[in-house]
Amino acid sequence: MNNDVPEASRKAQLDALLLKLPGVSARKINGLDAYFVSDKMFACISGNGIGLRLPVAAATELQFSRDNVVAFQPGGMTSTREWIQIDRADATEYEKDLELFQASLEFVKAARSR
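Overview of the structure. As the structure is a prediction and not an experimental result, all values here were calculated from the model. (Residues numbered from 1 in each chain as written. Predicted model: local features only at pLDDT ≥ 70, side-chain atom pairs only at ≥ 80, totals over all residues. Heavy atoms only, no water.)

### A look at the overall build of the protein chain
Argument step 1. Along its length, the protein chain carries three helices and six strands.
Argument step 2. Relative to a compact globule of 114 residues, whose C-alpha radius of gyration would be 13 Å, the protein chain shows 13 Å and is just as compact.
Argument step 3. Oriented by its inertia axes, the alpha-carbon framework of the protein chain measures out at about 40 × 30 × 25 Å.
Argument step 4. Buried residues in the protein chain amount to 39% of all 114 residues.
Argument step 5. Intrachain contacts of the protein chain at a sequence separation of at least 6 include 53% that bridge at least 24 residues.
Argument step 6. Total accessible area computed for the protein chain in this model is approximately 6200 Å², and 52% of it derives from carbon and sulfur atoms.
Argument step 7. In the protein chain, 14 side chains carry a positive charge and 15 a negative one; their mean positions are 7 Å apart. (Helix = DSSP H or I, 4+ residues; strand = E, 2+ residues; numbered from the N terminus. Rg over C-alpha atoms; globule rule 2.2 N^0.38 Å. Buried < 20%, exposed > 50% of the residue type's maximum accessible area, 1.4 Å probe, protein only. Contact = heavy atoms within 4.5 Å. Areas by Shrake-Rupley, 256 points an atom, 1.4 Å probe, with all protein chains shown as cover. Lys, Arg positive; Asp, Glu negative; His and termini not counted. Charge placed at Lys NZ, Arg CZ, Asp CG, Glu CD.)

Set out below in structure tokens:
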């Protein structure tokens, strides 16, 4: 996938979308720009996409039903089955995934209390 958007611009566009969600903060972790709720990571910028943590069933279904969703592999390392990556050439298009970001945020918040 061709990434014409400079990384700083991609991060700024994702910041504008995600930091307006209640309780969301951003910081770097292991060199990656990540988004947190209740001090737990729910999303992370990696390569041409953004990783997102969802229940395994939802993550698996998305990988089979959408051509822009793949397994999340930051730095080429395999992560858990709860993590997917949504690739979009234009970061403004992530607004279409706002429902998934909110589902991820709620999933991570609920996981903390288990």
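### Details of unusual backbone geometry
Argument step 1. Of note in this structure, Asn30 is not a glycine but carries a positive phi near 50°.
Argument step 2. Tracing the chain through its elements places Asn30 in the loop between strand E1 (24-29) and strand E2 (32-37).
Argument step 3. Despite not being glycine, Ser38 has its phi angle at roughly 50°, a positive value.

### Quick word on the packing of aromatic side chains
Argument step 1. Applying the stated criterion to the full structure yields two aromatic pairs.
Argument step 2. Between Tyr94 and Phe101, the ring centres sit 6.2 Å apart and the planes meet at 65°, which makes this aromatic pair edge-to-face. As far as the burial class goes, Tyr94 and Phe101 line up, both buried. (Phe/Tyr/Trp six-rings, centres within 6.5 Å; stacked < 30°, edge-to-face > 60°.)

### Observations regarding the side chain of Asp87
Argument step 1. With respect to the secondary-structure elements, Asp87 resides in strand E6 (residues 83-87).
Argument step 2. Among buried charged residues, Asp87 stands out as having no salt bridge; its nearest opposite-charge side chain is Arg10, 6.9 Å away.
Argument step 3. A distance of 2.7 Å separates a polar atom in the side chain of Asp87 from a polar atom in the side chain of Gln85. (Salt bridge = Lys/Arg side-chain N within 4 Å of Asp/Glu carboxyl O. Polar contact = N/O pair within 3.5 Å; in protein donor to acceptor, adjacent residues only side chain to side chain.)

### A closer look at the environment of Glu61
Argument step 1. With respect to the helices and strands, Glu61 occurs in helix H2 (residues 56-65).
Argument step 2. Judged by relative accessible area, which is 46%, Glu61 ranks as partly exposed.
Argument step 3. Distance from Glu61 to Pro74, taken between C-alpha atoms, is 20 Å for residues 13 residues apart in sequence.

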